[in-house]
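The residues making up each chain are set out below.
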Amino acid sequence: MTTLTHDAPVSGHGASASRLSAGLTFALVSSLSFGLSGAVARGLLDTGWSPGAATLVRVAVAALVVLPLGLVALRGRWALLRRNATLVVLYGVLAVAGAQFCYFSAVQHMQVAPALLIEYTAPAAVVLWLWLRHGQRPGPVTLVGAAVAAAGLVLVLDVVSGAELSAVGVAWALGAMVGATAYFLISADEGNGLPPLTLAAGGLVVGATSLGLLGLTGLLPMRAATTEVTYAGPAGTTVAWWVPVLVLGLVTAGVAYTSGIAAGRRLGSRLASFVALTEVLAAVVAAWLLLGELPRAIQLLGGVLVLAGVVGVKLGEGRPARLAERPEPVL
């Protein structure tokens with residue numbers, strides 16, 4: 001997931017073609033990597049792993065990968081990190097640990113694609129928060145987009161046809177939406193001075209630490225298994241337990257976060273957020289290939305409406321005044 005609020009100029013006079021191409025490549029890599037997480041984690045959950053354990057290994061491995069990059073980006077400015085300690089803790093608890101734990105808990109009770117689509121109503125929640133908290137009243141296009149997304153969500157939940165609905169799964173998915181909303185709001189804060197990689201690294205370390213402490217105290221069940229993991233998709237793949245663990249940590253978190261940040265620095269938040277919508281498509285394909293899950297036709301239609309509504313919300317955002325040209329920050 002990439003930052004969804006507030007555009008930052010990519011450069012003083014626009015991105016070059018090569019920079020744009022690189023940014024799009026990074027954004028697609030990030031979205032595809034994030035999109036794999038639900039289906040890959042579901043395989044572990046089906047063998048007896050708890051959502052807490054799956055989230056912990058994903059966040060902890062990613063922290064090991066991103067932390068050195070975050071320290072390099074910080075360049076010894078420890079006072080900057082101390083001033084933003086509360087922000088980093090909130091980011092780690094809500095945006096990293098909370099969002100991922102709730103999402104993995106949701107896919108334990110419902111299909112991957114509908115769970116992710118519910119989480120992706122977060123942009124509308126961001127607009128609502130900015131309206132209620134900061135008085136940034138949305139325009140007509142934004143309101144129409146939010147309404148379309150809400151209508152799509154009704155179809156995604158398939159409540160119209162009277163299909164069986166997991167209330168527990170929906171509740172967890174809504175919790176993931178709250179965590180994603182916190183992610184977007186905190187990531188968009190450009191006034192704290194923290195390099196994006198430092199914020200990501202700090203959040204991952206805090207997220208892993210908080211999950212580990214909850215596990216040690218027994219408040220968060222931590223169950224793991226070493227049995228082989230079977231993915232009942234068209235190919236019917238069976239792998240060792242450590243394969244999905246490494247994929248979750250290295251690919252769906254480490255690669256996803258670092259490439260997403262690289263994309264945002266090259267494209268700006270607005271274009272990067274549009275490309276990030278491909279995460280939903282990646283999740284649908286991954287759920288079909290690995291789990292044999294394919295949403296019903298009405299759910300697919302709802303997914304199209306949700307994505308169209310999110311695009312409407314983004315188009316309705318006012319573009320902030322152009323910032324003064326400044327040296328490009330180092331990742």
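Everything numeric in this text was worked out from a predicted model, so none of it was measured.

**Digging into the overall build of the protein**
Regarding its fold elements, the protein presents 14 helices and two strands. For the protein, buried positions account for 49% of its 331 residues. Of the roughly 14,700 Å² of accessible surface on the protein, a fraction of 69% belongs to carbon and sulfur atoms.

**Quick word on helix H13 (residues 278-291)**
Every α-helix carries 3.6 residues per turn, so stepping three or four residues along brings you back to the same face. Over its 14 residues, H13 extends 19 Å from the first C-alpha to the last, a length consistent with the 20 Å expected when each residue adds 1.5 Å. Of the positions making up H13, those classed as buried are Glu-279, Val-280, Ala-282, Ala-283, Val-284, Ala-286, Ala-287 and Leu-291.

**Focus: the side chain of Ser-33**
As for its position among the elements, Ser-33 is in helix H1 (residues 17-35). On the basis of relative accessible area, Ser-33 is assigned to the buried category, the value being 6%. Residues in contact with Ser-33, not counting those within four places in the same chain, are Val-251, Thr-252, Val-255 and Ala-256.

**Focus: the nonpolar core**
Burial of nonpolar side chains together is a common tendency in soluble globular proteins. Within the largest apolar cluster, 40 residues are counted, with the highest numbers of intra-cluster contacts made by Tyr-103 and Val-112. With residues near it in sequence (within four places) discarded, Tyr-103 still touches Ser-37, Gly-38, Val-112, Ala-115, Leu-116, Glu-119 and Ala-176. Within the second largest apolar cluster, 36 residues are counted, among which are Tyr-91, Met-177, Ile-186 and Val-206.

**Considering the packing of aromatic side chains**
Evaluation of the coordinates by the stated rule reveals three aromatic pairs. Their ring planes at 40° and their centres at 6.0 Å tell us that Tyr-103 and Phe-104 sit as a pair that is tilted. On the accessibility criterion, Phe-104 (0% relative accessible area) is buried.

**Brief notes about the confidence of the model for the protein**
Residues at a pLDDT of 70 or more form 84% of the protein, whose mean pLDDT is 80. Confidence, expressed as mean pLDDT per element, reaches its minimum in the protein at helix H12 (residues 269-276) with 62 and its maximum at strand S1 (residues 229-231) with 93. Overall, residues 1-15 carries pLDDT values under 50, and its contacts beyond four positions in sequence, including any with other chains, amount to 56 contacts. Low pLDDT, under 50, characterises residues 319-331; the stretch is placed with 21 contacts to residues that sit more than four places away or in other chains.

**Notes on the environment of Gly-236**
Residue placement: Gly-236 occurs in the loop between S1 and strand S2 (237-239). For Gly-236, a relative accessible area of 46% gives the class partly exposed. Along the primary structure Gly-236 and Leu-289 are separated by 53 residues, whereas in three dimensions their C-alpha atoms are 8.9 Å apart.

**Some remarks on the pattern of salt bridges**
On inspection of all chains with the given rule, the structure shows two salt bridges. Note that Asp-46 is salt-bridged to Arg-42, the shortest N-O span being 3.4 Å. With Asp-46 and Arg-42 both in helix H2 (residues 37-46) and four residues apart, the pair spans about one turn of that helix. Overall, Arg-42 belongs to the buried group, its relative accessible area being 17%. Between Glu-293 and Arg-42 there is a salt bridge, with the nearest N and O atoms lying 2.9 Å from each other.

**Considering a nonpolar patch on the surface**
Side chains of Val-65, Trp-242, Leu-246 and Leu-250 sit close together on the surface and give an oily, nonpolar patch of about 340 Å² of accessible area. The element that contributes the greatest number of residues to the nonpolar patch is helix H11 (residues 242-267), accounting for three residues. Along the chain, Leu-246 turns up in helix H11. The class of Leu-246 is partly exposed, set by a relative accessible area of 39%.

**Re the packing of H2 against helix H5 (residues 85-107)**
For the pair H2 and H5, the least separation of the axes is 9 Å and the interaxial angle reads 65°. Along this stretch, H2 crosses H5, giving a crossing that reads as right-handed. Contact with H2, carried on its side by Ser-37, Gly-38, Ala-41, Arg-42 and Leu-45, involves Tyr-103, Phe-104 and Val-107 of H5 and no other residues of that element. Class assignment for the residues of the contact of H2 with H5 results in five nonpolar, two polar and one charged.

What counts, and where the lines are drawn
Residues numbered from 1 in each chain as written. Predicted model: local features only at pLDDT ≥ 70, side-chain atom pairs only at ≥ 80, totals over all residues. Heavy atoms only, no water. Helix = DSSP H or I, 4+ residues; strand = E, 2+ residues; numbered from the N terminus. Buried < 20%, exposed > 50% of the residue type's maximum accessible area, 1.4 Å probe, protein only. Areas by Shrake-Rupley, 256 points an atom, 1.4 Å probe, with all protein chains shown as cover. Expected span 1.5 Å × (residues − 1). Contact = heavy atoms within 4.5 Å. Core = buried A, V, L, I, M, F, W, Y, C linked by side-chain atoms within 4.5 Å. Phe/Tyr/Trp six-rings, centres within 6.5 Å; stacked < 30°, edge-to-face > 60°. pLDDT = per-residue confidence, 0-100. Salt bridge = Lys/Arg side-chain N within 4 Å of Asp/Glu carboxyl O. Patch = residues over 30% accessible without salt bridge, like charges linked within 9 Å, V, L, I, M, F, W, Y side chains within 5 Å. Axes fitted to C-alpha atoms, helices over the stretch in contact; angles between N-to-C directions. Left-handed = near helix turned anticlockwise from the far one by under 90°. Nonpolar A, V, L, I, M, F, W, Y, C, P; charged D, E, K, R; others polar.

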